[in-house]
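Structural overview for review
Here's the letter readout for the chains.
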Amino acid sequence: MADREDRAHLQLDDLYREVVLDHYRRPRGRQPLSHPSCSVEGFNPSCGDQIHVALTIDGDRVNELQVECRGCSISVASGSMMAEMVPGHDVAEVRRLIEAVKGMMQGKEPDPAVDLADLEALAGVRKFPVRVKCALLAWTTLEEALPGISGPA
Amino acid sequence: MADREDRAHLQLDDLYREVVLDHYRRPRGRQPLSHPSCSVEGFNPSCGDQIHVALTIDGDRVNELQVECRGCSISVASGSMMAEMVPGHDVAEVRRLIEAVKGMMQGKEPDPAVDLADLEALAGVRKFPVRVKCALLAWTTLEEALPGISGPA
Amino acid sequence: MASSSPAGSTKPPSQGPLGLATHPLRPSDIRSDSVEGARSPLDVAAIRRDFPILSRRVHGHRLVYLDNAATTQKPLVVLERLNHYYRSTNANIHRGIHRLAEEATALYEETREHTARFLAATDPRGVVFTSGATGALNLLASSWGHWLRPGDEILLTEMEHHSNLVPWFLVARERGAQVRHIPVTEDGRLDLTRLGELLTERTRIVSLTQVSNVLGTINPIRAIADAAHAVGALVSVDAAQGAPHHAIDVQALGCDALSFSAHKVLGPTGVGVLWVKPDLLERMEPYQGGGEMIREVQMDGATWAEIPHRFEAGTPNIAGVVALGPALDYVERLGYDAIGRHGEAIITYALDRLRGLGGLRILGPTDPTERSGAIAFADPVVHPHDLSTVLDQEGVAIRAGHHCAQPLHRRYGLVATARASFYIYNDRDDVDALVAAIESARRYFG
Amino acid sequence: MASSSPAGSTKPPSQGPLGLATHPLRPSDIRSDSVEGARSPLDVAAIRRDFPILSRRVHGHRLVYLDNAATTQKPLVVLERLNHYYRSTNANIHRGIHRLAEEATALYEETREHTARFLAATDPRGVVFTSGATGALNLLASSWGHWLRPGDEILLTEMEHHSNLVPWFLVARERGAQVRHIPVTEDGRLDLTRLGELLTERTRIVSLTQVSNVLGTINPIRAIADAAHAVGALVSVDAAQGAPHHAIDVQALGCDALSFSAHKVLGPTGVGVLWVKPDLLERMEPYQGGGEMIREVQMDGATWAEIPHRFEAGTPNIAGVVALGPALDYVERLGYDAIGRHGEAIITYALDRLRGLGGLRILGPTDPTERSGAIAFADPVVHPHDLSTVLDQEGVAIRAGHHCAQPLHRRYGLVATARASFYIYNDRDDVDALVAAIESARRYFG
Ligand SMILES: Cc1ncc(COP(=O)(O)O)c(C=O)c1O
Ligand SMILES: Cc1ncc(COP(=O)(O)O)c(C=O)c1O
Ligand code: FES
Ligand code: FES
């Protein structure tokens, strides 16, 4: 273990980037939707935290997204970024984005076609394996809420 | 354990005294009884060995005793000594003898009123705790075969 | 190491890039006069020298280990016994007639006798070694479960660890029995006003914890056991959190069964103890089948060995059991009196300092004499998992989550808490480090 | 040390007061050229240096440890890992977010992956850590037992260890199922001519040992598994004696589940492995309830965690699991090819020398390539327990008894046998010491 001793020292700023803290302090997308097409509850069994994701779909596109997360800063920030990024994109694009977030957490090569924007700030979570589920909670819940689950996802 | 290392060295002659080996090679009391008053099977669960004890009782006295033991040298020798010593004694005396054998195995002070005869040769079994059950097998089985189990035993 | 930071100071003496205190370990930090000093009933500095892991550094800091309710650290004597056992004695037990097997059997059975004395039990045949407290509780639930009929009730409490809930749920489901719970009060005590209505002639089993692993509450076992016996129920005590802090006397507690884990009392992982009154154990159905627990095996059935062997199927954790001996020795040598006074002093000090932070929701009794071991709390802003991540960066190890007590957390409207739990090698410096790190985290997320 | 006594010599070189050989250890006895020499595929002398206990003396003699089927000795790397784990990492796993807990979790989960590779399993989620092979078989029997209905059959064999009999008896009794057995032939092999009639559409489960702990017989698992699958039965393999001697490939064996004990493969006590096909494990009912195996706990019920955690209730034997890693490393480094050839050479030599004694009844296949590990035998005059007591006085550790296989002994009209069992650190000198000591015992009791 000696070789590991200092590996994670001062990695904290990798985890809690300023943009993450900002999303945590002022999470976006909390306002309830009047006529959601679909809403799903997510659950992180490793800590018990919960998330509520609701959306309206218009044709093939996600119009509105509500995210209410009762969880740690990572899960709240990740959900807040999701609320900011997803509306206005069509389902296939959203699926690609979800895959890109998952890929980032697994340390995969990024898909150049996907713009991760603020989400880049979550890349450091990788170094804290127990928190990866936090970062993905919103996204795996959204995945369940999307129509046509039988797609390539 | 270092202090224990040599403790048991050459204790083997304590266990296998010549008289024990003699009883093992030529066990006494094997001949079946024609009209046993009672017969009991004994079992040593720690090794699976078995013993058959049968006796005839005349009034208050054990007249004949048959012992057939399928076990190790200690159990066979102990049963053979029992077959030699018990017949002709009354039940109370036999009970006292059984208690004396048990006491010897527990390292208790001997009862001066009881003559252990050849049984003294089994005293060394005490130093081999796993073999104590072997030495007692015949005697605990006899105890079950005796009438009036509700006595002081 | 915030021990030099005066209580209540708003700025730690030095800060890392994140505003977190990052003090190097100074030799003075391990001077005994800086650790509780003459007022502690334990010589904490001397104790710390017996625990090699405590000199480990974490993220450049001294390790401040406050996760003792999850598992305790191990003194050298335990490691040495393990090592020595494997180097000089290792053998399978009971059926061997060779030297090593005899020695291993003697060491194993001596530990059984030692454990019986440790519990003030008169007969070592009541002591069954299991894989842990969870294994012990499952054995008990399964075996007592054979006696349950539809409509019978099992009474638990709202503050139980999942290991004293789920095994009972499983047998209740199988037998058609009902599970009921003694509720907890707002301040974390069992609501005994409800006991009269909960304990009825349908109640067959009462199983409850001696000390809560979240609230720290010390439960009045004797009174509950007497009430349970009055309606003819059997009483099981989960002493997983009790055994580290309180002398256990199964007669005085008045219980029928009691379980604990070696790894929470300085011993190795993979060893639990289930004590059951021998005459009751005698009547219990075996749990697992296998080697050593039988008397005779036929082609399609078997008869059982004597107690306690009937309940120890297969090769047990021999080395682990043997190494439990020096762990029990260690706590007995310190003495539960001193351990208890030390524990109370540190809980008193910690409650005080945590309250001083302001705004924390601290669970459990306010009176420190009514609790031991653990303090769970929630910050209105910083999520427990974030808190524990930040604390870890300063070398302070606490636990975040539901601590395997989801129903209890739900009772208080919480999903998770942060929990600091203390043992014999912790001192005021550790509490100060905890408090300073919480302050850093608050500044960071606030 | 009878190695200097030429094979077949009727008088040992020196005698103690009882006619038993009592040679002091001479340095030459541990020279590598005296131990199998260049012909062994293993460097036994080098291996022996890795096992500190082998330099222990017993009753003034070198320890000749021939009780490996009961438990193996531990190499230094295993003891060092245990020690290092407790000195630098010890923490409870999974739910901790502090450094020690993360490291402990990583070490634990790395061992799970390592164990999966060791079994040639593709998915580590199929690996469940238990308290031992017995714990694994009980978990399996209990969980598969939920699927049994009255009239269903469980097929075992006549050569099973009690740990692969009694758990099935318990569930069969509970579910109204029947237990049947594949009989063994006079020379200790499964009588597969009976398989056709024993395997029917009523057969739901087949559970059998890979290698017999008494006969040494290596069973044709693949053929039996294929036949079992053809009637729709599930197949469980007890690899407690197989894993030490043979490379295991769960795909090649074609089984649905497989169990073994760490302590019989150089690892610590208190750790077992149950491998189950992940998609099957996914559908299995949990066994024990407690911490870590749940998803959510309500006041009266719970939902289960993902596999494999669903089957690991409570704090596992973390240190023990972590120390299984270097044990597996050790055998993998030697290689099962070399271990197998060494084992076959020693079994061949031992069978030869034991037959040379004349009059011994030796159980199991006559062809050494059909067996591994253990040789059980009975002397017409000297009772196995007397034999093992006498051998012990010369430092030779064997086991006497029914070896937890009473039905098998009954099959051969025996109550008990003496069993010598070999492993990587044993050599011809050890066999010679065994044979010389049997000769002494015969003279003594004859
Ligand atoms: C109160 C209580 N009971 C039972 C347990 C279960 O102990 P183990 O995980 O060692 O089996 C714990 C440990 O967390 C506990 O705190
Ligand atoms: C074939 C076989 N199965 C199962 C077991 C049980 O192993 P354990 O006692 O380690 O649980 C043994 C050990 O003796 C064995 O030889
Ligand atoms: S800790 Fe629960 S979501 Fe992060
Ligand atoms: S070994 Fe069976 S009676 Fe002695």
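Throughout, a residue's number is its position along its own chain's written sequence, starting from 1. All chains are assigned letters beginning at A, and all ligands numbers beginning at 1, according to the order in which they are written. Local features are withheld for residues below a pLDDT of 70 in this predicted model, meaning they are given only at 70 or higher, and side-chain atom pairs are given and counted only at 80 or more; totals for whole chains, interfaces and linings count all residues. Processing note: side-chain calculations cover all non-hydrogen atoms of the structure and skip hydrogens and water entirely.

**Remarks on the domain arrangement of chain C**
All names here are of chain C.
- In this entry, domain limits derive from an automatic or database-based domain assignment. Here chain C is described as being made up of domain 1 (28-75 + 335-446) and domain 2 (89-330).
- The C-alpha-based centres of domain 1 and domain 2 are spaced at 28 Å.
- By definition in these notes, contact holds between two residues if any of their heavy atoms fall within 4.5 Å. Taken together, the contact between domain 1 and domain 2 spans 40 residues of the former and 33 residues of the latter.
- In total, domain 1 and domain 2 occlude about 2,900 Å² of area from one another, counting both sides; carbon and sulfur atoms represent 54% of this.
- By salt bridge we mean one thing: a side-chain nitrogen of Lys or Arg within 4 Å of a carboxyl oxygen of Asp or Glu. Where domain 1 meets domain 2, there are three salt bridges.
- Residues adjacent in sequence count toward polar contacts only when both atoms are side-chain atoms; beyond that, a polar contact is any pair of N or O atoms within 3.5 Å, and within protein one must be able to donate a hydrogen and the other to accept it. Inspection of the region where domain 1 meets domain 2 yields 24 residue pairs in polar contact (both at pLDDT 80 or more). What gets called buried area is simply the loss in accessible area from a 1.4 Å probe that two parts show on being joined, summed for both.

**Brief notes about the site of ligand 1**
- One heavy atom within 4 Å of a molecule or strand is enough for the residue carrying it to be called near that molecule or strand. Contacts to ligand 1 come from 14 residues, most closely from Thr134(C), Asp238(C), Ser261(C), Lys264(C) and Thr315(D).
- Around ligand 1 the close residues trace back to chains C and D.
- With respect to ligand 1, the backbone of Ala133(C) contributes an N or O atom lying 3.4 Å from an oxygen atom.
- One of the side-chain nitrogen or oxygen atoms of His161(C) is found 3.0 Å away from an oxygen atom of ligand 1.

**Some words on the interface of chain A and chain D**
- The interface of chain A with chain D comprises ten residues on the first partner and 15 residues on the second.
- A combined buried area of about 1,100 Å² lies between chain A and chain D, and 54% of that area is made up of carbon and sulfur atoms.
- For the interface between chain A and chain D, the tally reads zero salt bridges.
- Across the contact surface, chain A and chain D share zero residue pairs in polar contact (both at pLDDT 80 or more).
- Each residue gets one of three labels, nonpolar for Ala, Val, Leu, Ile, Met, Phe, Trp, Tyr, Cys and Pro, charged for Asp, Glu, Lys and Arg, and polar for the others, Gly among them. Residue classes in the side of chain A that touches chain D are distributed as five nonpolar, one polar and four charged.

**Re the pairing of strand 7 (residues 203-209) of chain D**
Residues and elements named next belong to chain D.
- Note on exposure labels: buried denotes an accessible area under 20% of the residue type's maximum, exposed denotes more than 50%, and partly exposed covers the range between, all computed with a 1.4 Å probe on protein chains only. The helix count covers DSSP runs of H or I at least four residues long, the strand count covers runs of E at least two residues long, and both are numbered beginning at the N terminus. The element strand 7 is extensively covered by neighbouring structure, given that six of its seven residues are classed as buried.
- With three bridges joining them, strand 5 (residues 153-157) and strand 7 adopt parallel strand pairing. Counterpart to Glu153 in the pairing with strand 7 is Thr203.
- Throughout, right-handed denotes a crossover for which the path from the first strand over the helix to the second runs clockwise when the strands point away from the viewer. Regarding the hand of the β-α-β motif, the stretch spanning strand 7, helix 7 (residues 221-230) and strand 8 (residues 234-238) is right-handed. Pairing between two strands is assigned when DSSP locates at least 2 bridges connecting them.

**A look at the site of ligand 2**
- Taken together, 14 residues form the shell around ligand 2, and within it Thr315(C), Thr134(D), Asp238(D), Ser261(D) and Lys264(D) come nearest.
- Here a nitrogen atom of ligand 2 and a side-chain polar atom of Asp238(D) are 2.5 Å apart.
- Contact distances for ligand 2 include 2.6 Å between an oxygen atom and a side-chain N or O atom of His263(D).
- Values of accessible area rely on a 1.4 Å probe in the Shrake-Rupley scheme; residue burial ignores everything except the protein chains shown. Protein contacts shield 95% of the accessible area of ligand 2, which totals 400 Å² for the unbound molecule.
- Tallied by class, the residues present in the shell around ligand 2 amount to two nonpolar, ten polar and two charged.

**Examining the side chain of Arg419(C)**
Residue and element names in this part refer to chain C.
- Looking at the element boundaries, Arg419 is found in strand 17 (residues 417-421).
- Only 2.9 Å separates the side chain of Arg419 from the backbone oxygen of Asn213, close enough to count as a polar contact.
- Sequence-distant contacts of Arg419, that is, excluding residues within four places in its chain, are made with Leu66, Asp67, Ala69, Ala70, Asn213, Ala374, Ile375, Ala376, Ile398, Arg399 and His403.

**Some points on the sheet that holds strand 16 (residues 399-401) of chain C**
Residue and element names in this part refer to chain C.
- Pairing is antiparallel in the open sheet, where four strands are placed in the order 13-14-17-16. Both outer strands of the open sheet, strand 13 (361-362) and strand 16, are each paired with one neighbouring strand and no more.
- Relative to strand 17, strand 16 is paired through three bridges, and the arrangement is antiparallel. Bridge assignment links Ala400 to a residue of strand 17, and that residue is Ala418.
- Across the sheet, helix 11 (residues 336-357) lies against strand 13 and strand 14 (374-378), angled at about 10° from strand 14, the strand it touches most. Inter-axis angles, ranging from 0 to 180 degrees, are taken between N-to-C directions of lines fitted to C-alpha atoms, where helices are fitted over the stretch in contact.

**Observations concerning helix 4 (residues 91-105) of chain A**
Residue and element names in this part refer to chain A.
- Here the expected length of a helix is defined as 1.5 Å per residue gap, with one fewer gap than residues. Along its 15 residues, helix 4 runs 21 Å from first to last C-alpha, staying within 8% of the 21 Å computed at 1.5 Å per residue.
- Most of helix 4 sits out of view: eleven of its 15 residues are buried.
- Residues of helix 4 that are buried in the fold lie against strand 2 (49-58), strand 3 (61-70), helix 3 (73-85) and helix 5 (132-145).

**Quick notes on the relation of the copies chain D and chain C**
- Residues reaching a pLDDT of at least 70 in both copies supply the C-alpha atoms on which the copies are superposed by least squares. Take chain D, turn it by 180°, move it 0.0 Å along the axis, and it overlays chain C with an RMSD of 0.0 Å. The transformation just described matches what one would write down for a two-fold rotation axis.
- Interface overlap between copies: 100% of the residues of chain D at the interface are likewise at the interface in chain C, consistent with a symmetric, same-surface contact.

**Things to note about the confidence of the model for chain A**
All names here are of chain A.
- In the predicted model, chain A carries a mean pLDDT of 87, and 89% of its residues have values of at least 70.
- The predictor rates its confidence in each residue with pLDDT, a number between 0 and 100. Counting interchain partners and residues more than four positions distant, the pLDDT-below-50 stretch residues 1-9 has 22 contacts.
- Across residues 149-153 the pLDDT falls below 50, and counting only partners more than four positions away or on other chains, this stretch makes six contacts in the model.

**As for the sheet that holds strand 7 of chain D**
Residue and element names in this part refer to chain D.
- Strands sit in the order 4-10-9-8-7-5-6 across an open sheet of seven strands; the sheet is mixed. The outermost strands of the open sheet, each flanked by one partner alone, are strand 4 (127-130) and strand 6 (178-182). Taking each pair of neighbouring strands and ignoring which way they run, the sheet shows an average axis angle of 20°.
- Of the pairings in the sheet, the one linking strand 9 (residues 257-261) to strand 10 (residues 272-276) comprises five bridges and is antiparallel in character. Of the residues in strand 10, the one forming a bridge with Ala257 is Val276.
- Running over the sheet, helix 7 touches strand 7 and strand 8 and is turned about 170° from strand 7.

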